[in-house]
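Architecture and fold: a report
Read off the chains here:
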Amino acid sequence: MNAVILLFPGTNRERDMAIALRKATGRKPAILFHQETSLPAGTDLVVLPGGFSHGDYLRCGAMAARSPVMAAVRDFAARGGHVLGVCNGFQILTEAGLLPGALLRNASLRFLSMDCNLRVETTDSPFTARWRKGETFRAPMAHGDGNYFCDDGTLARLQAEDRVAFRYADAQGEATAEANRNGARDNIAGILSENRRILGMMPHPEDLVDPLMGGTDGLPLFESIAGALATA
Amino acid sequence: MKLIVTVMPKNGVLDPQGKAIEHALGTLGFEAVGEVRTGKVIELELAETDPARARAQAEEMARKLLANTVIESFRVELA
């Protein structure tokens, strides 16, 4: 699997993402700057990592979503390419219109930097196949604008089409209001595109991929996508 | 030609900043304050001199970048 990590001014999680991808695939991902207008030949997966692209000016991800490289990502996605966006990457994907909804300021108005529990809501995706449905795992989160919002019609579609990938849950796996620290609609922490090949999520699975990091809870995501694209 | 684009969260979209300001005003003794909503004001200086065309340009800018119409509405006015 050939992965490409996009780098915008203010991106700061590209190294963690590279470690996770390298661990799952054995190959070093390419890093691509935001002003590029094409992806390297043979790209299988495009990853938008976390950070504060363009200083979060106007809205989180608004500037990055309109940068030159995103036209290439849009073409790649339209041809059925796989895309992963984490944290600011998720915000960029919604701003680019590649995923529905938007990420609002956390309902508490506080920047949240802590671990959360995520419940796997579907295994029917190249990003979640290595988990069991309903399984919970730990993931660090660090965001000020992670409050997922969408209108009623979009929410109904996401639910009906089994496109909610992860929900915030408590240690028992219940999607409670207390576990929903940022106030996200329906406890949504991550969603899939219509063709299930684009995943956006707020918490950081790439930060738990090695016992030295304190756990390997996030590794199944990278093993899932590496497995799905190994023969691609 | 100068235009002013006002961007506001849509009705039904949570505005925690507005809520925080509302509470702070209450703390200061302004008890008769109802709902407070916060938004953004963006001033544009355009080369266009025809008001209708300038407004159309600003509206296109708002739809494409200045506002996220999933969560925000906007209003364009000539300054």
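Chain B carries the name Phosphoribosylformylglycinamidine synthase subunit PurS in an unreviewed UniProt entry, which gives Teichococcus rhizosphaerae as its organism. Check the Pathway (unreviewed entry) section of the UniProt entry for chain B; it says "Purine metabolism; IMP biosynthesis via de novo pathway; 5-amino-1-(5-phospho-D-ribosyl)imidazole from N(2)-formyl-N(1)-(5-phospho-D-ribosyl)glycinamide: step 1/2." Under the UniProt heading Subunit (unreviewed entry), the entry covering chain B gives this text: "Part of the FGAM synthase complex composed of 1 PurL, 1 PurQ and 2 PurS subunits."

If you look chain A up in an unreviewed UniProt entry, it shows as Phosphoribosylformylglycinamidine synthase subunit PurQ from Teichococcus rhizosphaerae. According to the UniProt record, the Pathway (unreviewed entry) comment for chain A is "Purine metabolism; IMP biosynthesis via de novo pathway; 5-amino-1-(5-phospho-D-ribosyl)imidazole from N(2)-formyl-N(1)-(5-phospho-D-ribosyl)glycinamide: step 1/2." The UniProt entry for chain A carries the following comment under Subcellular location (unreviewed entry): "Cytoplasm".

So, the UniProt feature "active site" (unreviewed entry) in chain A
Residues and elements named next belong to chain A. Mapped onto this numbering, the UniProt entry gives "active site" (unreviewed entry) at Cys87, His204 and Glu206. Spanning 120 residues, the annotated positions come together in the fold, the maximum distance between their C-alpha atoms being 11.0 Å. With respect to the helices and strands, the residue Cys87 is situated in the loop between strand S4 (82–86) and helix H4 (88–95). By relative accessible area, Cys87 is classed as buried at 5%. If you trace the backbone, Glu206 turns up in the loop between strand S11 (198–201) and helix H6 (219–229). The class of Glu206 is buried, set by a relative accessible area of 0%.

Regarding the packing of aromatic side chains
Residue and element names in this part refer to chain A. With the rule as written, the count across this model stands at 5 aromatic pairs over all chains. Relative to Tyr148, the ring of Phe90 lies with its centre 6.0 Å away and its plane at 10 degrees, an arrangement referred to as stacked. Taken as a pair, Phe90 in helix H4 and Tyr148 in strand S8 (residues 147–149) lie far apart in primary sequence, 58 residues in all. Looking at Phe90, the relative accessible area reads 0%, which means it is buried. On the basis of relative accessible area, Tyr148 is assigned to the buried category, the value being 1%. Seen from their ring centres, Trp131 and Phe166 are 5.6 Å apart, and the 85 degrees between their planes marks the pair as edge-to-face. Remark: Phe166 occurs in strand S9 (residues 164–169) and Trp131 occurs in the loop between strand S6 (112–120) and strand S7 (136–143); sequence separation between them is 35 residues. A relative accessible area of 5% means that Trp131 is categorised as buried. Taking relative accessible area as the criterion, Phe166 reaches 0% and is therefore assigned buried. Taken together, the ring pairs connect Trp131, Phe137 and Phe166 into an aromatic cluster.

Each value, and the rule that gives it
Residues numbered from 1 in each chain as written. Chains lettered and ligands numbered in written order. Predicted model: local features only at pLDDT ≥ 70, side-chain atom pairs only at ≥ 80, totals over all residues. Heavy atoms only, no water. UniProt positions renumbered as here; feature names shortened; annotations may be inferred. Helix = DSSP H or I, 4+ residues; strand = E, 2+ residues; numbered from the N terminus. Buried < 20%, exposed > 50% of the residue type's maximum accessible area, 1.4 Å probe, protein only. Phe/Tyr/Trp six-rings, centres within 6.5 Å; stacked < 30°, edge-to-face > 60°.

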